[in-house]
Amino acid sequence: MQTKRWNVTNESSSKAAIIEAAVLLKEGLPVAFPTETVYGLGADATSYNAVAKIFTAKGRPQDNPLIVHIAEIKQLDEFAVHIPSYVLPLLRAFSPGPLTYILPSNGKCATNVTAGLDTIAIRIPNHPIALQLLQAVQLPIAAPSANLSGKPSPTTGAHVWNDLYGKIAGVLDGGATGVGVESTVIDCTGDSPVILRPGGVTKEQLEKVVGPVKTDPALNNENKKPKSPGMKYKHYAPEIPLWLVTGSASHMQKVIRQEQDNGKRIGVLASTKTIAQLEADQLKPLGDNPQKIAATLYDALRAYKKESIDLIICETFPETGIGQAIMNRLKKAATRIL
Ligand code: AMP
Ligand code: MG
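Read on for a plain summary of the structure. Quick caveat: nothing in here was measured; it's all calculated off a predicted structure.

Reading the values: the criteria
- Residues numbered from 1 in each chain as written.
- Chains lettered and ligands numbered in written order.
- Predicted model: local features only at pLDDT ≥ 70, side-chain atom pairs only at ≥ 80, totals over all residues.
- Heavy atoms only, no water.
- Helix = DSSP H or I, 4+ residues; strand = E, 2+ residues; numbered from the N terminus.
- Buried < 20%, exposed > 50% of the residue type's maximum accessible area, 1.4 Å probe, protein only.
- Contact = heavy atoms within 4.5 Å.
- Lys, Arg positive; Asp, Glu negative; His and termini not counted.
- Charge placed at Lys NZ, Arg CZ, Asp CG, Glu CD.
- Pairing = 2+ DSSP bridges.
- Axes fitted to C-alpha atoms, helices over the stretch in contact; angles between N-to-C directions.
- 1 Å grid on protein atoms, 1.4 Å probe; cavity = no way out; pocket = protein on both sides within 12 Å on 5 of 7 lines; lining within 4 Å.
- Points joined across faces, edges and corners; volume = space filled by probe spheres on them.
- Nonpolar A, V, L, I, M, F, W, Y, C, P; charged D, E, K, R; others polar.
- Polar contact = N/O pair within 3.5 Å; in protein donor to acceptor, adjacent residues only side chain to side chain.
- Near = heavy atom within 4 Å.
- Areas by Shrake-Rupley, 256 points an atom, 1.4 Å probe, with all protein chains shown as cover.
- Sits in = over half its atoms within 2 Å of the grid points.
- Salt bridge = Lys/Arg side-chain N within 4 Å of Asp/Glu carboxyl O.

### A few points about the overall build of the protein chain
When helices and strands are counted, the protein chain shows 10 helices and 16 strands. Overall, the protein chain is about 60 × 45 × 35 Å in size when its C-alpha atoms are taken along their principal axes. Every one of the 338 residues in the protein chain was classed for burial, and the buried ones make up 55%. Expressed as a percentage of contacts within the protein chain between residues at least 6 apart in sequence, the contacts between residues at least 24 apart total 68%. One way to put it: in the protein chain the 36 positive side-chain charges average out to a point 2 Å from where the 30 negative ones average out.

### Re the sheet that holds strand β6 (residues 119-123)
The 11 strands are arranged β1-β8-β2-β3-β7-β4-β6-β5-β9-β10-β11 in an open sheet whose pairing can be described as mixed. In this open sheet, the two strands that pair with only one neighbour each are β1 (4-7) and β11 (214-215). In terms of strand pairing, strand β10 (residues 194-197) meets β11 through two bridges, oriented parallel. Note on β11: the bridge partner recorded for Ile195 is Thr215. Against the sheet, helix α2 (residues 48-58) makes contact with β3 (40-44) and β7 (141-142), and its axis sits at roughly 150° relative to β3, the strand it touches most.

### Regarding the sheet that holds strand β12 (residues 242-245)
On the basis of which strands lie adjacent, the open sheet formed by five strands has the order β14-β13-β15-β12-β16 and parallel pairing. Each of the sheet's edge strands pairs with one partner strand only, and the pair in question is β14 (282-285) and β16 (336-337). Looking at chain direction, β12 and β16 are connected through two bridges and run parallel. In the strand pairing of β16, Leu244 is matched with Ile337. In the packing of helix α7 (residues 249-261) onto the sheet, contacts are made with β12, β13 (266-270) and β15 (311-315), and the angle to β15 comes to roughly 175°.

### A few points about the pairing of β15
For a regular strand, side chains alternate in direction, first toward one face of the sheet and then toward the other. Counting buried residues along β15, five of its five residues qualify, which places the element largely inside the surrounding structure. Here β15 shows a buried face lined by Leu311, Ile313 and Glu315 and a second buried face lined by Ile312 and Cys314. Note: β12 against β15, four bridges, orientation parallel. Bridge pairing in β15 links Leu242 to Ile312.

### Focus on empty space enclosed by the protein
Tallied over the entire structure, the rule returns one cavity of 30 Å³ or more. Approximately 30 Å³ is the volume attributed to the largest cavity. Thr184, Ile195, Pro198, Gly199, Val201, Thr202, Lys203, Gly321, Gln324 and Ala325 are the residues that line the largest cavity. For the lining of the largest cavity, the class distribution of residues is four nonpolar, five polar and one charged.

### A closer look at the side chain of Ser183
Within the secondary structure layout, Ser183 lies in the loop between β8 (170-173) and β9 (184-187). Engagement of the side chain of Ser183 in a polar contact is seen with the side chain of Thr100, the distance being 2.8 Å. With sequence-adjacent residues up to four places away left out, Ser183 is seen in contact with Thr37, Ile67, Pro98, Leu99, Thr100, Arg123, Arg197, Pro198, Gly199, Gly200 and Arg329.

### Notes on the site of ligand 1
Close to ligand 1 lie 19 residues, the nearest being Arg60, Asn64, Thr119, Arg197 and Gly230. For ligand 1, an oxygen atom lies 2.9 Å from a polar atom in the side chain of Arg60. Taking Arg197, its side chain carries an N or O atom lying 2.9 Å from an oxygen atom of ligand 1. Within the complex, 95% of the 500 Å² of free accessible area of ligand 1 lies under protein. Spatially, ligand 1 is embedded in the largest pocket. It is β6 that contributes the most residues to the shell around ligand 1, three residues altogether. For the shell around ligand 1, the class distribution of residues is 10 nonpolar, five polar and four charged.

### Considerations on the pattern of salt bridges
When the charged atoms of two side chains with opposite charge come close together, those side chains can pair. For the coordinates displayed, the defined rule picks out 13 salt bridges. Notably, a salt bridge pairs Asp173 with Arg5, separated by 3.0 Å at the nearest N-O pair. With Asp173 in strand β8 and Arg5 in strand β1, this residue pair connects regions lying 168 residues apart in the sequence. Residues participating in the shared-partner salt-bridge network are Lys151, Asp163 and Arg302.

### A few points about the layout of surface pockets
Taken as a whole, the largest pocket holds about 790 Å³ of empty space. Lining the largest pocket are 46 residues, with Arg60, Asn64, Pro65, Ser228 and Gly230 positioned closest to its centre. Elements represented by at least two residues in the lining of the largest pocket include exactly β4 (67-69), β6, β9 and β10. By residue number, the principal contributor to the lining of the largest pocket is β6, which donates four residues. What lines the second largest pocket is a set of 21 residues, among which Ala218, Leu219, Asn220, Asn328 and Lys332 lie closest to the centre. Element by element, the count of residues in the lining of the second largest pocket is highest for helix α10 (residues 323-333), at five residues.

This is the structure in structure tokens:
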């Protein structure tokens, strides 16, 4: 498939590109676009054939359902039923934004969007290009992250291009996304919301609006079946092994030296402060606050190449706020946790 790449970083050039992309989506072709979390690979959620092209391009397992993107809150009940009362204050506080609602489906979207489940995942993205595209196309758009399945999610147009060139109809390249980790997925089929995947909206933020929020026990227990099918897969893996090392900078340095003595070339991922205290073959600072670390993480995971590095050693971070999403992704990416 021929892949188009539109530069949509300035408003004057983006209008025509968005209309062109919307036409391709209406024709049933897959097109990638930026959201505030990561790039999404979109297709018409009402068309089985269009949605099937997402699974093929990504190499995504068929039992992993997709998030449906809509432009406005009022469209929610076009696709979901039995919306509980606690969803309204959440919508007011976080939508558009990085929060995905799992609700009973009314069956209007194609069966492969929901992977045969009777629930549907819905989100309103908070990115001008994504919202303009949704307005232009006037369709619900199914869109998982626009990467090859298993690889780190794409946070730039170049990441999408590297993974999916020749496999999709186009990418609206709007530069780097903001949040950097995917949306928080909450199950809204019970009496209170349950976090199925930590993400851009933190547990603490949710609790300020609706009181105590539970987390799916399967998130921290590999023996339990997750309610979000995607959470059972290994994800976000860089092309070289990744070790997560908890402890002081001097402890990390000891591990680095030991593995260098074993003949390995070591690349480090850590906060700017920790990096300043370390020596290794390559060092990549992730930033000096959790928001920055989330925004840089996937690009940094992609940047280490096997030609120059044999092992990535990465610091661990406190699991509060956006740190929950950061650590969830790092644990899934890791080949060893020390
Ligand atoms: P991605 O679009 O790749 O960021 O992944 C979307 C996440 O939402 C995956 O973990 C899916 O398993 C999850 N998801 C999508 N639809 C549902 C659903 N109906 N029930 C539970 N989880 C879902
Ligand atoms: Mg994904």
